[in-house]
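These are the residues of each chain, in order.
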Amino acid sequence: MCWLQSFLNCETLRNILTNDFKCGYFAATLVMLLILLLVIALKIICFFVFRHPKCSEVVVKSPAGDLVISVRVISALIGRLLSEEGRLNDVKVSIRRYKKNYKLFVRASYAEGYKGLPVLIEELQPQLAELLKQQFGIENTEPTVFLIDRLSEIEDNDGDTGF
């Protein structure tokens, strides 16, 4: 007989466990359920240990004291730079902290135009790093991630769209 029968008193389970095949099938099912629960628990633990929450502010250490800069200020400055460039509109910036570095995520709409998107992004990467360094003293940034979520239309000087 099976070792499970001594622990279970339910009549239905006794009927299931009457022969060795049913007992083995039941034991295999229980083992698979336990493995599934273990995997789910590990995923939840890893999610909380390795997640990178959004920052609402960036702290810059200096000998005179810490400088705390709001993400809204950084977002406004980056939005101004990108709108001057004329190809990225509706800019939204979020910042995440990865150990000691900050990573910028820029979500924007792209206006097709004179330059292709890869060329524009290559030009903007060093400009953004330099802007953060000059204006705020933020040196520990990783490359910016650009999330282009839609195309926007280019407006000519007379107000017509460029399409």
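Preceding this section is the structure that the text describes.
A. Up close: the packing of aromatic side chains. The final tally for this structure, using the stated rule, is one aromatic pair. On the basis of an interplanar angle of 75° and a centroid distance of 5.2 Å, the ring pair of Phe47 and Phe48 is categorised as edge-to-face. For the pair formed by Phe47 and Phe48, the shared burial category is exposed. One Lys or Arg, Arg96, reaches over the ring of Phe105 and ends 5.9 Å from the middle of that ring. Over the aromatic face of Tyr98 sits the side chain of Lys103, whose NZ or CZ is 5.7 Å from the ring centroid.

B. Inspection of the pattern of salt bridges at higher detail. Counted according to the given criterion, the structure contains three salt bridges. Among the salt bridges present, the one from Lys61 reaches Asp66, with a minimum N-O distance of 3.7 Å. You can call Lys61 exposed: its relative accessible area is 66%. Ionic pairing is found between Arg107 and Asp149, a salt bridge with its closest N-O pair at 3.7 Å. Of this pair, Arg107 sits in strand β5 (residues 101-111) while Asp149 sits in strand β6 (residues 145-152), and the two are 42 residues apart along the sequence.

Each value, and the rule that gives it
- Residues numbered from 1 in each chain as written.
- Predicted model: local features only at pLDDT ≥ 70, side-chain atom pairs only at ≥ 80, totals over all residues.
- Heavy atoms only, no water.
- Phe/Tyr/Trp six-rings, centres within 6.5 Å; stacked < 30°, edge-to-face > 60°.
- Buried < 20%, exposed > 50% of the residue type's maximum accessible area, 1.4 Å probe, protein only.
- Lys NZ or Arg CZ within 6 Å of the ring centre and 35° of its normal.
- Salt bridge = Lys/Arg side-chain N within 4 Å of Asp/Glu carboxyl O.
- Helix = DSSP H or I, 4+ residues; strand = E, 2+ residues; numbered from the N terminus.

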